[in-house]
Amino acid sequence: MSSRSCSSGRRRPLLFAVSLLVGLLCPQSFVTVSAAAEQETAKTKLEEQMDEIGGAWRKVRRQVADAASNVETAALVATMKRAAEKAATLEPLRLRDVEEAEREPWLEAYRNEMKAFVGMLGRLETALKEGRNADAEKLVAQIGAHQRASHKDFKRPDEK
Ligand code: HEM
């Protein structure tokens, strides 16, 4: 047996005793840390819908001016609209930071903004189907501004 494995063998009981002591002194620490780690890694259902919206949105912005892509762009917008309709049925994480008495009106405001978003997407889809690309470009700018305002109001400030 090498001297290195011998010395690590001697350290193990000490490590065990220290972990036991920490666990006994603050048993909550393990539970809290693992719950926080889970929250950090797992996506919320709303984040999943937002990721879908974000992926399609990148392409929509890139090709909105190109009339030859209108059929494809309109389909991307329809995908965004479906995801936004689903998102309107979900609750943002930030709701947990709102005072209990304020939660209902806060959630109502969130749903209204999401419905306004769905409405804009509907107008964008129609403009693309009708070949009105200049109107579509204006709507894309409006939707971008609406996204920024909505994120400011409904996303947790420490999130992107
Ligand atoms: C073009 C429009 C939009 C785009 C591209 C977009 C994109 C995104 C992205 C990429 C995220 C991060 C998702 C993640 O962390 O995995 C996000 C989060 C979020 N977005 Fe949007 N978004 C848009 C419009 C909106 C609107 C209109 C609202 C509200 C009415 C909204 C509310 C939120 C909220 C609350 C979160 C945080 C997720 C949570 O609390 O679980 N977004 N969005």
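The structure we're discussing is the one just above.
Note that the structure is a prediction, hence the values are computed from the model and not measured.

Quick look at the overall build of the protein now. Secondary structure summary: the protein contains six helices and zero strands in total. Overall, the protein shows an N-to-C arrangement of helices and strands of α-α-α-α-α-α. Across the 160 residues that make up the protein, the buried fraction comes to 31%. Summarising the internal contacts of the protein: among those between residues at least 6 apart in sequence, 67% fall at separations of at least 24.

A few words now on a positive patch on the surface. A grouping of R58, K59, R61, R62 and R148 is seen on the molecular surface, where their side chains present a positively charged patch. At four residues, the largest contribution of residues to the positive patch is made by helix α3 (residues 45–63). Its location among the elements puts R148 in helix α6 (residues 133–154).

Time to look at the coordination of the iron atom of the ligand. At this site the iron atom of the ligand is bound by M50 (SD) and H151 (NE2), with donor distances of 2.1 to 2.4 Å. What the six donor atoms of the iron atom of the ligand show is an angle range of 85 to 179° at the metal, which sorts the shape as octahedral. Residue M50 is found in helix α3, and its partner H151 is found in helix α6; the two are separated by 101 residues along the sequence.

Attention now goes to the packing of aromatic side chains. Evaluated as defined, the whole model comprises two aromatic pairs. When the ring of W106 is compared with that of F154, the centres are 5.3 Å apart and the planes differ by 75°; the resulting orientation is edge-to-face. Linking W106 in helix α5 (residues 103–129) with F154 in helix α6, this pair joins segments that are 48 residues apart in sequence. Each of the two residues, W106 as well as F154, counts as buried.

As a matter of local geometry, the ligand sits amid 24 residues, with K43, T44, M50, L93 and H151 nearest to it. In the environment of the ligand, an oxygen atom lies 2.7 Å from a nitrogen or oxygen atom belonging to the side chain of T44. Elements supplying a minimum of two residues to the shell around the ligand: α3, α5 and α6. Of the residues forming the shell around the ligand, the biggest block, seven residues, is contributed by α3. Counted by class, the shell around the ligand contains eleven nonpolar, six polar and seven charged residues.

Okay, α3 next. An α-helix turns once every 3.6 residues. As a result, residues three or four positions apart point the same way. Relative to the 27 Å expected for 19 residues at 1.5 Å per residue, α3 spans 28 Å between its end C-alpha atoms, a close match to the ideal helical length. Regarding α3, the residues found buried are L46, Q49, I53, A56, W57, V60 and Q63.

The end-to-end C-alpha separation of α5 is 39 Å, in line with the 39 Å expected for 27 residues at 1.5 Å each. Phi for G131, located one or two positions after α5, is positive at around 70°.

What the rule picks out here adds up to six salt bridges. E125 is the salt-bridge partner of K129, the closest N and O atoms lying 3.2 Å from each other. Here the residue K129 and the residue E125 both occupy positions in helix α5, the gap between them amounting to four residues, near one helical turn. Residue class for K129 comes out exposed when judged on its relative accessible area of 60%. For the salt bridge of R132 with D135, the shortest nitrogen-to-oxygen distance reads 2.7 Å. Counted as one network, the salt bridges with shared partners bring together K81, E125 and K129.

Thresholds, definitions, all that
Residues numbered from 1 in each chain as written. Predicted model: local features only at pLDDT ≥ 70, side-chain atom pairs only at ≥ 80, totals over all residues. Heavy atoms only, no water. Helix = DSSP H or I, 4+ residues; strand = E, 2+ residues; numbered from the N terminus. Buried < 20%, exposed > 50% of the residue type's maximum accessible area, 1.4 Å probe, protein only. Contact = heavy atoms within 4.5 Å. Patch = residues over 30% accessible without salt bridge, like charges linked within 9 Å, V, L, I, M, F, W, Y side chains within 5 Å. Areas by Shrake-Rupley, 256 points an atom, 1.4 Å probe, with all protein chains shown as cover. Salt bridge = Lys/Arg side-chain N within 4 Å of Asp/Glu carboxyl O. Lys, Arg positive; Asp, Glu negative; His and termini not counted. Charge placed at Lys NZ, Arg CZ, Asp CG, Glu CD. Donors = N, O, S within 2.8 Å, 3.2 Å for Na, K, Ca; no water. Tetrahedral: all angles 85-135°; square planar, octahedral: opposite > 155°, others 65-115°. Phe/Tyr/Trp six-rings, centres within 6.5 Å; stacked < 30°, edge-to-face > 60°. Near = heavy atom within 4 Å. Polar contact = N/O pair within 3.5 Å; in protein donor to acceptor, adjacent residues only side chain to side chain. Nonpolar A, V, L, I, M, F, W, Y, C, P; charged D, E, K, R; others polar. Expected span 1.5 Å × (residues − 1).

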